[in-house]
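Given next are the chains, with one letter for each unit.
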Amino acid sequence: MKFPALLLFGAGIILIGFASASDYKNYDGFKILEVKYAEPRVRRYVQEIEQHLGFMPDFLGENWKLQQAHYFIEKDSVARVSRQLTANNITHRMRDLNQNIFKVRKRRDLENSQVTIQDVNYRYLNYNEQMQFINTVAQQFPNTVKLQKLGNSYEGRSITAVRIGDDGTNKPIVWIDAGIHAREWISYNVALYLIYTIASEPAYRDLLSSVQLVVVPNTNPDGYEYSRTHDRMWRKTRSRFTNSRCGGADANRNYPFYWGTKGVSHSQCSEIYCGTRAQSEPEVLALTNAIQREETRIKGYIALHSYGQEILYPWGHTMRQYPSDVQDLIQVGQAMAAAVKAINNTEYSVVNSGDGLYPAAGASDDWAKSRGIKFSYTIELSPIDDETGFTLPEDRINQVNREAFQAIQVLMIEVKSRFGIPKVTSSASASANSLILLKRLRTTMSRGLGRG
């Protein structure tokens, strides 16, 4: 099978500049809206909130434990939204923003130093640092790791896949991508931690002999850099449109499966604008082309997002409709959630993405499943609370990295059990094999491996 040319980035000196407080978009007067939707009447209102308000507020996430929905409300709409909710007897709370979102980040001069796993575990890296890190990993483990350029972003940044355990055979593939929503910073670190740990630790050589891992650690580099330098809450790509004051599309509404139907907007200024057409965003086109070249081998797919502590399975473009093998998806999702909980007792919920508060068409996990990829998921990483939300403190990065790693490891083991060996196994026995091998690996991990 032919692949695009492999890419190794040059290891030069990178000087990193960070934004000042004045560079960030000013969010004075903006509020976080919190609505508790435990009551069925309120849940229906929340699911139809766009009709009630006349616009779709920026949906941040939900706390499934407390059954709360969180929205980002611009200052000019705060009073109107509050009046509307009060008139409909919807109990709600408007809270001030967490000002840590706009904290000025100190400059770090990387001259004569490398980006290390310690940086991945305790600091949010910019795009150049991310690329330096994966280049270093590829140089350290040349027999295990290869870098593959999938395409360029709208502004010309490389979208790069890290192929781990690619020995030229037709092993099944588990595909992980991260950061399609720019403001979800923890997803990038989780992907980088995964790359380093799988590549560097001898405990995973047996797994890599049967399963190949492909990780795309930054699928929206333009949006991510913009979120670091101009607008911390930026979500979309950075594409430009003729005769429009707004730019960018929600790349996770841009995939070609039920594109433009539910849970999207056709307004270019919306946070969930689905683009001018399916695959209009070069980032999405690069990803879909790459996956389709190998889709017969890809047996597992995870899109890393934040926040909410959820493992979501298809279908997400509609409500109360599921793939024929939904029980397999649930069973493996529950095994992933159990593996996460075993680390620090952090609870992840396994739910159908369409049966939550909102269906969302044109998402990557639905598209991956539609292409025949057996296990397709979106993981909404920690935290679960909107007090922290997208601004997960850097001293918690390592914990989330380790927890998410365990979930991904379970999926790799499941793919090995089902597709990496000729023996045909049932759903129950495959999941049992996954948990047995996971226990063995965790015993090794407890002696210090995988923590960076």
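Residues numbered from 1 in each chain as written. Predicted model: local features only at pLDDT ≥ 70, side-chain atom pairs only at ≥ 80, totals over all residues. Heavy atoms only, no water.

Identification of the protein chain as Peptidase_M14 domain-containing protein from Caenorhabditis japonica is taken from an unreviewed UniProt entry.

Turning to the overall build of the protein chain, a few remarks are in order. Counting secondary structure elements, the protein chain contains 13 helices and twelve strands. The burial tally for the protein chain puts 60% of its 452 residues in the buried class. The long-range fraction of contacts in the protein chain, counting pairs at least 24 apart against all pairs at least 6 apart in sequence, stands at 77%. A total accessible area of about 18000 Å² is found for the protein chain, and carbon and sulfur atoms account for 48% of it. (Helix = DSSP H or I, 4+ residues; strand = E, 2+ residues; numbered from the N terminus. Buried < 20%, exposed > 50% of the residue type's maximum accessible area, 1.4 Å probe, protein only. Contact = heavy atoms within 4.5 Å. Areas by Shrake-Rupley, 256 points an atom, 1.4 Å probe, with all protein chains shown as cover.)

Take the UniProt feature "active site" (unreviewed entry) in the protein chain next. Under the UniProt annotation, "active site" (unreviewed entry) lies at Glu380. The residues contacting Glu380, other than those within four sequence positions of it, are His305, Ser306, Tyr307, Gly308, Gln309, Glu310, Leu312 and Tyr348. Looking at Glu380, its side chain comes within polar contact range of the main-chain nitrogen of Tyr307, at 3.4 Å. (UniProt positions renumbered as here; feature names shortened; annotations may be inferred. Polar contact = N/O pair within 3.5 Å; in protein donor to acceptor, adjacent residues only side chain to side chain.)

Turning next to the sheet that holds strand E3 (residues 68-73). In spatial order, the strands read E2-E3-E1-E4; together these four strands make up an open sheet with antiparallel pairing. Only two strands of the sheet have a single partner each, and these edge strands are strand E2 (58-63) and strand E4 (92-96). Strand after strand, the sheet turns through a mean of 25° between neighbouring axes, direction not considered. Where strand E1 (residues 31-36) meets E4, five bridges bridge the pair, whose relative direction is antiparallel. Directly across from Val35, in E4, lies its bridge partner His92. Those strands touched by helix H3 (residues 78-87) are E1, E3 and E4, and its axis lies near 160° from that of E4. (Pairing = 2+ DSSP bridges. Axes fitted to C-alpha atoms, helices over the stretch in contact; angles between N-to-C directions.)

Our next topic: the pairing of strand E7 (residues 173-178). Burial analysis of E7 places six of its six residues in the buried class, the great majority of the element. Side chains of E7 alternate between two faces, with Ile173, Trp175 and Asp177 and Val174, Ile176 and Ala178 buried alike. Both E7 and strand E9 (residues 298-306) contribute to a ladder of six bridges, which runs parallel. Of the residues in E9, the one forming a bridge with Trp175 is Tyr301.

Core analysis: the largest hydrophobic core is formed by 69 residues, its most contacted members being Leu304 and Tyr377. A total of eleven residues in this core trace back to one element, the largest contributor, which is helix H12 (residues 397-420). Residues Ile173, Ala290, Ala303 and Ala368 belong to the second largest nonpolar core, which totals 23 residues. (Core = buried A, V, L, I, M, F, W, Y, C linked by side-chain atoms within 4.5 Å.)

What follows deals with the sheet that holds strand E11 (residues 349-352). Strands sit in the order E5-E6-E8-E7-E9-E12-E10-E11 across an open sheet of eight strands; the sheet is mixed. Strand pairing shows two members of the sheet lacking a second neighbour, strand E5 (145-152) and E11, which therefore form its edges. On average, each strand axis in the sheet is inclined to that of its neighbour by 20°, with strand direction left out of account. Sheet topology note: the strand E10 (residues 310-313)/E11 ladder contains four bridges and is parallel. Note that in E11 the partner of Glu310 across the bridge is Ser349.

Taken N-terminus to C-terminus, the directions of helix H10 (residues 326-344) and H12 make an angle of 140°; their axes are 8 Å apart at the nearest point. Crossing of H10 against H12: the hand is right-handed. Every residue of H12 that contacts H10 at Asp328, Val332, Ala335, Met336, Ala339, Val340, Ile343 and Asn344 is listed here: Gln399, Arg402, Glu403, Gln406, Ala407, Val410, Leu411, Glu414 and Arg418. (Left-handed = near helix turned anticlockwise from the far one by under 90°.)

On inspection of all chains with the given rule, the structure shows 17 aromatic pairs. What links up through ring pairs into an aromatic cluster is the set Tyr124, Trp185, Tyr188 and Tyr224. Over the aromatic face of Trp185 sits the side chain of Arg232, whose NZ or CZ is 3.6 Å from the ring centroid. When the ring centre of Trp234 is taken as origin, the NZ or CZ atom of Arg238, which lies over that ring, is 4.7 Å away. (Phe/Tyr/Trp six-rings, centres within 6.5 Å; stacked < 30°, edge-to-face > 60°. Lys NZ or Arg CZ within 6 Å of the ring centre and 35° of its normal.)

The subject of this paragraph is unusual backbone geometry. Following Pro314, the chain continues to Trp315 via a peptide bond in cis, the omega torsion being 0°. By secondary structure assignment, the location of Trp315 is in the loop between E10 and H10. Its identity as a non-glycine residue notwithstanding, Gln279 has a phi of 65°, on the positive side. Examined against the element boundaries, Gln279 turns out to sit in the loop between helix H8 (221-229) and helix H9 (282-293).

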